Every structure is written in C-alpha cells, then in structure tokens.
Amino acid sequence: MTVGVGDALPELVKHPTTQQLVRYAGAQGDFYEIHYDQAYAISVGLPGVILHGLLKAGFLGQLVTDWLGDRGTLKRFEVSYRGIDQPGRPYACRGRVTKVDGDQVELEVWGEDSAGNRTTVGTATVEMKG
Amino acid sequence: MTTTTSVIDRLRARIGQAGPSTEAMVEAGHLKRFVEAIGDPNPRWTKEAPPTFLVALSPAAYHLEEAEEYGKGWLNGGNRFEYLEPVKVGDRITATSRVADVYEKTGSSGNLLFIIFETGYVNQDGRTVAKLRGTAIRR
C-alpha cells in the first residue's frame, strides 16, 4: 500500500470515563489528584478532573500504530497539550500524512474535543519498510 | 516577588543536573494494564511496549520540591519521544532524567514556569532504546 501526502489516518474516537482515568493513573503510576479527585481539581482552578496529557498521547499513539501496522517503524512522536479535556465527553483522534521522503513519512496528528478544539497536537515520523 | 524570583534562580542552578537513575523490568502484566487503560487492544502489545509506555516504567521527571513554591499546580506541556530500539517484555531499562532548561513565561492567565526534562532509557545491553523530552509547567 502506497502512502501519499494528504492521506488521512482512520479516525479513532475515545469515550474517556473517570474509571478510565483511575485505571490510567494506576497503570502509569501518576497519582496527581487533578486526575481523580474532583474537589482537589477544583481547588487548583480546574473545572473538575481532567484527562492525563499522556493518556491523550497514548490515544494518539494508538491512532498512529493502528494505521502503521507492520508496514514500518515509529521513530519519533511528539505531542503538545494545548487544552484540558474532561471525562464523559468524546475525544476524537485524527491525523494525516504531511510529507513523504523515500521511506521516511511525516504525520500530523491531533485530538479534538466535542466542540472541535484541537486540545492536543502532535507530529510523528515513521520509517516504512522498503 | 522576591520569593518566586529565588525559586527560579534555584531551579536554574539545577540545569544540567541529573536525578537518580531508576531501573525497571518490562513486565507483561504491567503492559497489559497499561494498554487496557488506554483501550488499545492491539495484540502486538503483549510482547512489545506501545509508544508511550516508557513513562509508566519510570517517571519522566524527577521531583523538584522547590518548584512547588511556584503557582498552584502542575500541567504537562508536551512530550517528545525518540525511538532507537524496540522495548520488549523482559527488558531491564535504566532511566536517567536531567533538567535541560528552566524559564518563566507570561501567559494570558498569568505567569507560568516551564521546566524541561530530558530522559534517556538504556536497556540491559547498554543500548539507548529511547529518549524523551518533557515540558512540565507550574501555573
């Protein structure tokens, strides 16, 4: 299968719940209270508990590896967290191919909240098998 | 203001400083819990680590107590992973983080303190498998 500039990655929609945040907190070992303690999150100025940035990065990593399969290797993956996201709202992960240079492919990926804001944006470099 | 200024000075003095190294084994059960938490059912992850797993193996930053004198809380600004070798079940990974940069920025909702950490992950054969650059923000 040939990869071309502008190709869209198949969309991945997540439905994060507070239970998922607790599971992720345990699995990563990140017990910062803003991810599971509503009163604490509000006390530091947040609207309530929020998703871990790295959980959103995990979603985007899944978007990339689902698309890539065994056709190549992920070499670089970069994400910036631009906004907060709360559980109970769908989170859509999308991406597209931005550059193809021989076997090196650049991707743009992002996660959107239900209002269409790109709260996480990132890029990835993959090396396709020859 | 003198208090926050001195916090930044004390943190800037740590630039280049490495935290304690941590060593961890990549365990199948841990990988399973991690990918279940993300909701990624790819069978590949029964043997191999998915892209962000390294942060679960050892913290991507080391604790800087004085940073907590600044602002009310932490935010994660971003993460950049570079992958050099696959990470597989049974690998023993040693991670070492160092402070790469510390700076303050004025944002729309007030001042923010940025701490950039760089972490190297080395396997049991002494080969660097991945590098991570992370941006921790105090707000």
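Residues numbered from 1 in each chain as written. Chains lettered and ligands numbered in written order. Predicted model: local features only at pLDDT ≥ 70, side-chain atom pairs only at ≥ 80, totals over all residues.

Student: Describe the overall build of chain B, listing the residues and the values that go with them.
Tutor: Scanning chain B from N- to C-terminus turns up three helices and five strands. The order of helices and strands in chain B, counted from the N terminus, is α-β-α-α-β-β-β-β. Seen through its C-alpha atoms, chain B measures out along the principal axes to roughly 55 × 30 × 20 Å. A burial count over chain B gives 34% of its 139 residues as buried. Taking all contacts inside chain B whose residues are at least 6 apart in sequence as the whole, residues at least 24 apart take part in 73%. (Helix = DSSP H or I, 4+ residues; strand = E, 2+ residues; numbered from the N terminus. Buried ≥ 20, exposed ≤ 12 C-beta atoms within 10 Å, placed from the backbone. Contact = placed C-beta atoms within 7 Å.)

Student: Which residues make up the sheet that holds strand β4 (residues 110–122) of chain B, and what are the values?
Tutor: Strand pairing in a sheet relies on backbone hydrogen bonds. The paired strands run either parallel or antiparallel. Spatially, β1(A)-β3(A)-β4(A)-β5(A)-β2(A)-β2(B)-β5(B)-β4(B)-β3(B)-β1(B) is the arrangement adopted by the ten strands of the open sheet, whose pairing is antiparallel. The open sheet terminates on both sides in strands that have one partner only, identified here as β1 (12–14) of chain A together with β1 (22–25) of chain B. Averaged over neighbouring strand pairs, the angle between their axes works out to 25° when direction is ignored. Pairing of β1 of chain B with strand β3 (residues 92–107) of chain B involves four bridges; the strand directions are antiparallel. From the neighbouring strand, T22 of chain B faces β3 of chain B, where its bridge partner is A95 of chain B. Against the sheet, helix α3 (residues 53–68) of chain A contacts β1, β2 (72–81), β3 (91–101), β4 (104–112) and β5 (118–128) of chain A together with β2 (74–83) of chain B, and its axis sits at roughly 150° relative to β2 of chain A. (Pairing = 2+ DSSP bridges. Axes fitted to C-alpha atoms, helices over the stretch in contact; angles between N-to-C directions.)

Student: Summarise the interface of chain B and chain A; cite the residues concerned and give the values.
Tutor: If you look at the interface, chain B gives 24 residues, while chain A gives 29 residues. Counting residues per element, the ones that place at least two in the side of chain B that touches chain A are α2 (28–38), α3 (54–57) and β2 of chain B. Considering each element in turn, the side of chain B that touches chain A owes the most residues, nine residues, to β2 of chain B. Its residues assigned to classes, the side of chain B that touches chain A shows ten nonpolar, eight polar and six charged. Inspection of the sheet shows β2 of chain A paired to β2 of chain B by five bridges, in the antiparallel sense. Bridged to F77 of chain A within β2 of chain B is F81 of chain B. (Nonpolar A, V, L, I, M, F, W, Y, C, P; charged D, E, K, R; others polar.)

Student: Which residues make up the pairing of β3 of chain A, and what are the values?
Tutor: Regular strands show a simple pattern: their side chains alternate between the two faces of the sheet. Residues and elements named next belong to chain A. Where β1 lies against β3, three bridges are found, and the strand directions are antiparallel. Across the sheet, the residue bridging to V13 is A92, located in β3. Alignment of β3 against β4, held across nine bridges, turns out to be antiparallel. Bridge assignment links C93 to a residue of β4, and that residue is G111. With antiparallel pairing between neighbouring strands as the criterion, β3 and β4 make up a hairpin whose turn holds two residues, including G102 at a positive phi of roughly 65°.

Student: Describe the pairing of β4 of chain A, with residues and values.
Tutor: Residues and elements named next belong to chain A. Relative to β5, β4 runs antiparallel, the two being bridged by nine bridges. By the bridge assignment for β5, E112 is matched with R118. The turn joining β4 and β5, which pair antiparallel and follow one another in sequence, is formed by five residues; a positive phi near 90° is taken by G116.

Don't take any of this as a statement about function, it's just geometry.
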